[in-house]
Amino acid sequence: MRTPEDLHLVDWASLGHGADVADLIRALYDEDAAVVGKALGELFHRLLHQGSVYPASVMAVPYLAHAALHAVHHRRTMLAFLANAGRDDYGQFFEDEVMEGIRVADELPGLLHLVRDEDPEVRRETVRVARWAAGDSLPPALDALAACHRDDPSDRVRAEALEVLSRLAPRRDERLRAALADRAPAVRATAALGLMESAGAPWPAELLAVLSADGGDPDFAMSAHEFFHGVGSTEERVASLLREQDAETVRAVAAAWIAAGDHEGRGSRRAVELVMGWRGWEVEAVTLLTAAVPQQRDPYVLQQVINSIERWAGYHADPDAVAEAVLPHVTHPDSWVATSAQLVLGRVGDSRLLTAVAEPAGDALAALAARTDDPAIHRRALRPQPCRHGRHLHSRAAEVIESLTPEAAAGLLPELTALLRESPSPDLARAIGGTGLARPELTDLLVELTSSADQALASAAAVAAARLGADPAPALRLLAERLEHDGGSLSEAALLGPLGAPLAPSVERHLTDGSPERRGRAATTLWQITGDPAGVVTTLTALVRDGRTDPSVLKTLRQTGAPLPPDVRAKVAEWAGAERRVLNAHSWIGHPDTALREEARLLLAGQGRHGKVRRS
């Protein structure tokens, strides 16, 4: 164990992390907790970044061990550094002379007495450091861990000691099975988790029952942000096991852990995994998440729960129940929580947003406006929003505009004109282009924007103007130029419909040139501008055959009315009927797999009908 006086013996700069590592280690002994915390943050960032271990990480081990014994503040965090730096595969990365005498195992004899420290978190982290016991340090480590598991007053520490003992001592499963009868729920849950990992799927029902009943105990430590090298985070271990279960088991575990207090958000995370992994569980997931809201004490976890509710709120049959769950939080002191809660109210169309909050968040107001026919709310939502940088922003105006009937849009012409003048954006231009409002106030502004230095804005404005009756030549010119270089404007060209027919040669070359995503967009665009399935169907069926799960591919195939080859039809049927999500991608609202399932079902339902489907 080396002291700060020995820091000069290491050439830290030669190890690639700069000489200031020595200064950071010296700072660990400071009497100011903030100074120590900042130094530790820097050391973790430099020496254990995202779990990577470097030569300097190894060299720092004996100094961190000394600091953990003698520093005044944050000793638990210093031990956490050692627990995560103590990998047993250093020899694969570093020269032998670097290794000599500085492994974490070599520091253990001087640290093991900390399993009797008065701070239970220091004791728990010491147990984790003991995970790397080897050679001469192994016998005393096993004795200390056994005593800790048997006698420690903290169930959290006893559970951690069982975990480490089960990995270091012989007769692992025998030890874990005996612990299923322990007095502490956290110890029983730890034992069940370990035995499930040993058994493999399908997991024994009795072990699932123990994990469900006892895994909600707060002493069963499974923070989503806590990692343990060589063991893994308990959070990820549980998630991995439950991914192999059926949806009802995941729902039952989520419900049990939420009812037990949803400590660290562990139950609500299971509810999110339920809806992200399986189809048709949106209502159950939102019901679970709304039950978890009153359990939260940590603003960060509360925001995560409310964000998840917002994503799926539109699927719930009782929007009032969803709104009631988040209503108390729309004025939460934490602005992130308040904004998320307001957005839920907007998403379910609850007008109490306007009375509960003096100035609702712009996104929440836009979400509410998109779900009401009240022109006063529309006008309020479409006001340009000042930004501290001197510009105007409106991130969700398009959502409002796209929800309007033609009559409602016509009544908002002054607001739309002002918004386009003060806050122009590609999304806004596209939305206005879809209103059908062929009014000079809008088309003249859109034509002006075709000269913008922002190519995306210029193209979107030109297409929108053409859709509203202006000369399509600027749109054709701008899109032809962009299509020569890349396929980024294919979706823009599709909006032109038949007006875009002159672009067909430029679009066709993307049917075979580029990524599968680009080929799919090219085929969709070609169909929209020509109405000719030649080349389109061949490209799209090849993408489906290759397993490309883009809902727009299926939508365009349905619109062409072309019969599906048997193998392609079988693939589409698989996507339509799967119980688990086929797509795992994330999106802000809902889930792209939902669109995939619906398009697959519509495509299958349309097979056998004669004639083409009109473009839409």
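Rules used in this analysis
Residues numbered from 1 in each chain as written. Predicted model: local features only at pLDDT ≥ 70, side-chain atom pairs only at ≥ 80, totals over all residues. Heavy atoms only, no water. Phe/Tyr/Trp six-rings, centres within 6.5 Å; stacked < 30°, edge-to-face > 60°. Helix = DSSP H or I, 4+ residues; strand = E, 2+ residues; numbered from the N terminus. Buried < 20%, exposed > 50% of the residue type's maximum accessible area, 1.4 Å probe, protein only. Lys NZ or Arg CZ within 6 Å of the ring centre and 35° of its normal. Core = buried A, V, L, I, M, F, W, Y, C linked by side-chain atoms within 4.5 Å. Axes fitted to C-alpha atoms, helices over the stretch in contact; angles between N-to-C directions. Left-handed = near helix turned anticlockwise from the far one by under 90°. Contact = heavy atoms within 4.5 Å. Salt bridge = Lys/Arg side-chain N within 4 Å of Asp/Glu carboxyl O. 1 Å grid on protein atoms, 1.4 Å probe; cavity = no way out; pocket = protein on both sides within 12 Å on 5 of 7 lines; lining within 4 Å. Points joined across faces, edges and corners; volume = space filled by probe spheres on them. Polar contact = N/O pair within 3.5 Å; in protein donor to acceptor, adjacent residues only side chain to side chain. Parallel < 35°, antiparallel > 145°, perpendicular 65-115°, else oblique. Nonpolar A, V, L, I, M, F, W, Y, C, P; charged D, E, K, R; others polar.

Asks: Explain the packing of aromatic side chains here, please?
Replies: Within a pair of aromatic rings, the relevant descriptors are the distance that separates the centres and the angle that separates the planes. Under the criterion given, the structure shown has 2 aromatic pairs. Ring geometry for Phe-44 versus Phe-81: centroids 5.4 Å apart, planes at 75°, classification edge-to-face. Highlighted residues: Phe-44 in helix α2 (residues 33-47) and Phe-81 in helix α4 (residues 75-85), separated in sequence by 37 residues. Classification of Phe-44 by relative accessible area gives partly exposed; the value is 23%. Given the relative accessible area of 0%, Phe-81 is considered buried. Positioned over the ring face of Trp-132 is Arg-131, at 4.9 Å from the centre of the ring.

Asks: Just checking my understanding: could you explain the nonpolar core for this structure?
Replies: Soluble globular proteins tend to bury their nonpolar side chains together. With 97 residues, the main nonpolar core has Ile-306, Ile-309, Leu-382, Leu-420, Ile-432 and Leu-446 as its most contacted residues. Here the element with the most residues in this core is helix α11 (residues 185-199); it accounts for 8 residues. Among the nonpolar cores identified, the runner-up in size contains 52 residues, and Val-10, Ala-141, Ala-161 and Val-164 belong to it.

Asks: Just to check I follow, could you spell out the packing of helix α27 (residues 440-449) against helix α28 (residues 455-467) for this structure?
Replies: Any two packed helices are characterised by how steeply their axes cross, that is the angle between the axes, and by the distance between the axes. Two elements in contact, α27 and α28, have axes separated by 8 Å at closest approach and are oriented at 150°. For the pair α27 and α28, the sense of crossing is left-handed. In this structure, α27 uses Leu-446, Val-447 and Leu-449 to contact α28, whose residues at the interface are Leu-457, Ala-458, Ala-461, Ala-464 and Ala-465.

Asks: Sorry, what's going on with the pattern of salt bridges here?
Replies: As a working rule, side chains carrying opposite charge can pair if their charged atoms are close by. By the definition in use, this model includes 43 salt bridges. A salt bridge links Arg-430 to Asp-427, with the shortest nitrogen-to-oxygen separation between them at 2.8 Å. You can see Arg-430 and its partner Asp-427 sitting in helix α26 (residues 426-433), 3 residues apart, about one turn around the helix. Note that Glu-599 and Arg-558 form a salt bridge whose closest N and O atoms lie 3.2 Å from each other. Separated by 41 residues along the polypeptide, Glu-599 in helix α36 (residues 592-606) and Arg-558 in helix α34 (residues 551-560) bring together distant segments of the chain.

Asks: I would appreciate a short explanation of the environment of Pro-360 in the present structure.
Replies: Residue position: Pro-360 is located in the loop between α20 (353-356) and α21 (362-369). Taking the C-alpha atoms as reference points, Pro-360 and Ala-338, 22 residues apart in sequence, are found 9.4 Å from one another. Not counting the four nearest positions on each side in its chain, Pro-360 is found in contact with Gln-342, Leu-353, Leu-354 and Arg-380.

Asks: What should I look at first to understand helix α16 (residues 282-292) in this one?
Replies: Owing to its 3.6 residues per turn, the α-helix aligns residues three or four sequence positions apart on the same side. Listed in full, the buried residues belonging to α16 are Glu-282, Ala-285, Val-286, Leu-288, Leu-289, Thr-290 and Ala-292. Looking at the packing, one finds that the buried side of α16 touches α14 (247-259), α15 (266-277), α17 (299-312), α18 (319-326) and α36.

Asks: Before we go on, may I ask you to explain empty space enclosed by the protein in this structure?
Replies: Empty space among the atoms becomes visible once a probe the size of a water molecule is rolled across them. Tallied over the full model, the rule gives 1 cavity of 30 Å³ or more. Taken as a whole, the largest cavity holds about 120 Å³ of empty space. Residue lining of the largest cavity: 15 residues in total, with Glu-160, Glu-163, Thr-190, Ala-221 and Thr-234 positioned closest to the centre. At the level of secondary structure, the elements contributing two or more residues to the lining of the largest cavity comprise α9 (155-168), α11 and α13 (234-242). The dominant element in the lining of the largest cavity, judged by the number of residues it contributes, is α9, at 4 residues.

Asks: Sorry if this is basic, but what is going on with the environment of Ser-340 here?
Replies: Note that Ser-340 resides in helix α19 (residues 335-347). Here Ser-340 falls in the buried class, since its relative accessible area comes to 7%. For the pair Ser-340 and Ile-309, spaced 31 residues apart in the sequence, the C-alpha separation amounts to 9.3 Å. Excluding anything up to four places from it in sequence, Ser-340 contacts Gln-303, Ile-306 and Asn-307. Reaching out from Ser-340, the side chain makes a polar contact with the backbone oxygen of Trp-336 at a distance of 3.0 Å.

Asks: Help me understand the packing of helix α1 (residues 20-27) against α2, please; the structure alone is not making it clear to me.
Replies: Put simply, α1 and α2 touch, their axes get as near as 8 Å, and they point 140° apart. Judged by the inter-axis angle, α1 sits oblique to α2. The chirality of how α1 crosses α2 is left-handed. Contacts between α1 and α2 involve Asp-20, Val-21, Leu-24, Ile-25 and Ala-27 from the first element and Val-35, Val-36, Ala-39, Glu-42, Leu-43, Arg-46 and Leu-47 from the second. When its residues are assigned to classes, the contact of α1 with α2 shows 9 nonpolar, no polar and 3 charged.

Asks: Can you help me understand unusual backbone geometry in this one?
Replies: Residues other than glycine predominantly adopt negative phi, and peptide bonds predominantly adopt the trans conformation. Look at His-74: it is not a glycine, yet its phi comes out positive at around 60°. By the secondary structure assignment, His-74 is in the loop between α3 (55-70) and α4. In this structure, Asp-262 takes a positive phi of about 50° despite not being glycine. Mapped onto the fold, Asp-262 is located in the loop between α14 and α15. On the basis of relative accessibility, which here comes to 2%, the residue Asp-262 falls in the buried class.

Asks: Looking at this model, I keep getting lost on the side chain of Arg-158. Mind explaining?
Replies: Within the fold, Arg-158 resides in helix α9. Those residues in contact with Arg-158 that sit more than four places away from it in its chain are Cys-148, His-149, Arg-150, Asp-152, Asp-182, Arg-183, Ala-184 and Val-187.

Asks: What is the right way to look at α13 in this model?
Replies: The buried count for α13 comes to 7 of 9 residues, which makes it a mostly enclosed element. Taken together, the buried positions of α13 are Thr-234, Glu-235, Arg-237, Val-238, Ala-239, Leu-241 and Leu-242.

Asks: I'm lost on the environment of Trp-336 in this one. Help?
Replies: Structurally, Trp-336 can be placed in helix α19. For the pair Trp-336 and Asn-307, spaced 29 residues apart in sequence, the C-alpha to C-alpha distance is 9.9 Å.

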